[in-house]
Amino acid sequence: MHTLMNMMRNPPRRAAASADGGVSEQDRAKLADISTLLQSSQIKGVGEKTAHALSSRFGLRTLEVLRGRGSAEEDERLLAIPGISKNKLAKIRESVEVWDTLGEALTFCRALGLLTEVQVAKLVSLHGERTEEVVRRNPYRLLDLFPRLRFASVDVVARGELLRVPPDMPERARASLRHNLERALANGHCAVPQPTLLRAAAKQLVVANGEWGMAEATRAVEQALVEEVKLGALVQEAPPPLPGSVRPASGGGGGQERPFMISLASMHAAERFVAE
């Protein structure tokens, strides 16, 4: 995966160097895609050096040559590349059927308008031809894979014309809870009072024009919290008692009662390990 991401940061030199010689931006993008496809974990037998060698020798015809649709002279040049033996070429060609679908996956990821080229490469490398299926099933998984993405940005894309996620999708409320906890953690807070977390998450879920109001959003995050705690993704814990305190903690936070604290399970486990 590291070599794949390096290629996305630094597309093949031939494409960039040939720009003044008439290579269009579209062809340069195609060359970059070819290198990305070759180094995908879905295609066996090609690393960064081999991908550079292939794209340098065959350019836009690289995939056609690898498919066995090249001339006899091109086949000879192919087998002359260091590291390309007949056996390795046979293994590469075994995965030829996924190339077109990987190209479609790259196009789909870019159409989201949300990811950098490096992120697109990582996503396609992880999920291959199933990339679009995985994203459509739960676009909020992008927040786990790319923590620097903002929930609001992913939500706009998820609910847009391309993906059409309904506002009451359970994964949407769960993602909002986790995102708010991760944001609190980035600000130095390992746990968040339950009412504070629910309020912040619900506000993120409200849809304009009265389509989905605060009442619906609140019910959604309350249910999501119950499910996330059951699954062990989040931890709900009573705060330590204050000196002289006799009242138990509660989830409501009313009066003198202190609310439950919510934390990410991974952070809670780390805190317990350090304490022990």
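Residues numbered from 1 in each chain as written. Predicted model: local features only at pLDDT ≥ 70, side-chain atom pairs only at ≥ 80, totals over all residues. Heavy atoms only, no water.

### A closer look at the side chain of Glu228
Turning to step 1, where the next piece is worked out: Looking at the element boundaries, Glu228 is found in helix H15 (residues 214–231).
Turning to step 2, where the next piece is worked out: For Glu228, a relative accessible area of 3% gives the class buried.
Turning to step 3, where the next piece is worked out: Sequence-distant contacts of Glu228, defined by excluding residues within four places in its chain, comprise Arg174, Arg178, Ala233 and Leu234. (Helix = DSSP H or I, 4+ residues; strand = E, 2+ residues; numbered from the N terminus. Buried < 20%, exposed > 50% of the residue type's maximum accessible area, 1.4 Å probe, protein only. Contact = heavy atoms within 4.5 Å.)

### With respect to empty space enclosed by the protein
Any empty space left between atoms is shown by rolling a water-sized probe over those atoms.
Turning to step 1, where the next piece is worked out: Under the criterion given, the structure shown has one cavity of 30 Å³ or more.
Turning to step 2, where the next piece is worked out: Each pocket or cavity is described by its volume, and for the largest cavity that value is around 40 Å³.
Turning to step 3, where the next piece is worked out: What lines the largest cavity is Tyr140, Leu143, Asp144, Ala175, Arg178, His179 and Glu182.
Turning to step 4, where the next piece is worked out: Elements represented by at least two residues in the lining of the largest cavity include exactly helix H11 (141–145) and helix H13 (170–186).
Turning to step 5, where the next piece is worked out: When the residues that make up the lining of the largest cavity are grouped by side-chain class, the tally is three nonpolar, one polar and three charged. (1 Å grid on protein atoms, 1.4 Å probe; cavity = no way out; pocket = protein on both sides within 12 Å on 5 of 7 lines; lining within 4 Å. Points joined across faces, edges and corners; volume = space filled by probe spheres on them. Nonpolar A, V, L, I, M, F, W, Y, C, P; charged D, E, K, R; others polar.)

### Some details on the nonpolar core
Turning to step 1, where the next piece is worked out: Among the nonpolar cores identified, the biggest contains 62 residues, and Leu78, Leu112, Tyr140 and Leu177 are the most heavily contacted of them.
Turning to step 2, where the next piece is worked out: With residues up to four places along the chain from it excluded, the contact list for Leu177 reads Leu197, Leu198, Ala201, Val221, Ala224, Leu225 and Leu234. (Core = buried A, V, L, I, M, F, W, Y, C linked by side-chain atoms within 4.5 Å.)

### Remarks on the sheet that holds strand S2 (residues 234–237)
Turning to step 1, where the next piece is worked out: Taken in spatial order, the three strands of this open sheet run S1-S3-S2, and their pairing is antiparallel. Pairing within the sheet leaves two strands with one partner each, and these edge strands are strand S1 (192–193) and S2.
Turning to step 2, where the next piece is worked out: When S1 meets strand S3 (residues 261–264), the two strands line up antiparallel, connected through two bridges. Bridge pairing in S3 places Pro193 opposite Met261.
Turning to step 3, where the next piece is worked out: Strand contacts of H13: S1, S2 and S3, with the helix running at about 90° to S3, the strand carrying the most contacts. (Pairing = 2+ DSSP bridges. Axes fitted to C-alpha atoms, helices over the stretch in contact; angles between N-to-C directions.)

### Let's talk about the packing of helix H3 (residues 25–38) against helix H8 (residues 99–111)
Turning to step 1, where the next piece is worked out: Between H3 and H8, whose axes approach to 10 Å, the crossing angle comes to 120°. Considering the angle they form, H3 stands oblique to H8. In the crossing of H3 with H8, the sense of the turn from one axis to the other is right-handed. Listed contacts from H8 to Asp33, Thr36 and Leu37 of H3 are Trp99, Leu102, Gly103, Leu106 and Arg110.
Turning to step 2, where the next piece is worked out: Tallied by class, the residues present in the contact of H3 with H8 amount to four nonpolar, two polar and two charged. (Parallel < 35°, antiparallel > 145°, perpendicular 65-115°, else oblique. Left-handed = near helix turned anticlockwise from the far one by under 90°.)

### Here we look at H15
Turning to step 1, where the next piece is worked out: Across its 18 residues, H15 extends 25 Å between first and last C-alpha, which sits within 8% of the 26 Å expected from 1.5 Å per residue.
Turning to step 2, where the next piece is worked out: Among the residues of H15, Ala217, Val221, Ala224, Leu225 and Glu228 are the ones counted as buried. Buried residues in H15, looked at end-on, bunch into an arc of 110°, giving them a common side. Every exposed residue of H15 that faces more than 90 degrees away from the buried side is listed here: Arg219 and Lys230.
Turning to step 3, where the next piece is worked out: Tucked inside the fold, the buried residues of H15 contact H13, helix H14 (194–205), S2 and S3.
Turning to step 4, where the next piece is worked out: Where H15 terminates, the next one or two residues include Gly232, which has phi positive at roughly 85°. (Expected span 1.5 Å × (residues − 1). Arc of directions from axis to C-beta.)

### As for the packing of helix H4 (residues 48–58) against helix H6 (residues 72–79)
Turning to step 1, where the next piece is worked out: H6 packs onto H4 with a crossing angle of 155° between their chain directions and a minimal axis gap of 11 Å. By the criterion of interaxial angle, the relationship of H4 to H6 is roughly antiparallel. Taken as a pair, H4 and H6 cross one another with a handedness that is right-handed. Side by side, H4 and H6 meet where Leu54, Arg57 and Phe58 of the first sit next to Glu74, Arg77 and Leu78 of the second.
Turning to step 2, where the next piece is worked out: Of the residues in the contact of H4 with H6, the class split is three nonpolar, no polar and three charged.

### Focus on the confidence of the model for the protein
Turning to step 1, where the next piece is worked out: On average, residues of the protein score 83 in pLDDT, and 82% of them reach the 70 mark or higher.
Turning to step 2, where the next piece is worked out: The low-confidence segment residues 1–20 (pLDDT under 50) makes 40 contacts with residues lying over four places distant or belonging to another chain. (pLDDT = per-residue confidence, 0-100.)

### Overview of the packing of aromatic side chains
Turning to step 1, where the next piece is worked out: Considering all chains together, one arrives at one aromatic pair under this definition.
Turning to step 2, where the next piece is worked out: Plain terms: the ring middles of Tyr140 and Phe151 are 5.7 Å apart, the flat faces sit at 20° to each other, and that makes the pair stacked. Of the two residues, Tyr140 is situated in the loop between helix H10 (131–137) and H11 and Phe151 in helix H12 (residues 151–158); the sequence distance between them amounts to 11 residues.
Turning to step 3, where the next piece is worked out: What makes Tyr140 buried here is its relative accessible area of 1%. (Phe/Tyr/Trp six-rings, centres within 6.5 Å; stacked < 30°, edge-to-face > 60°.)

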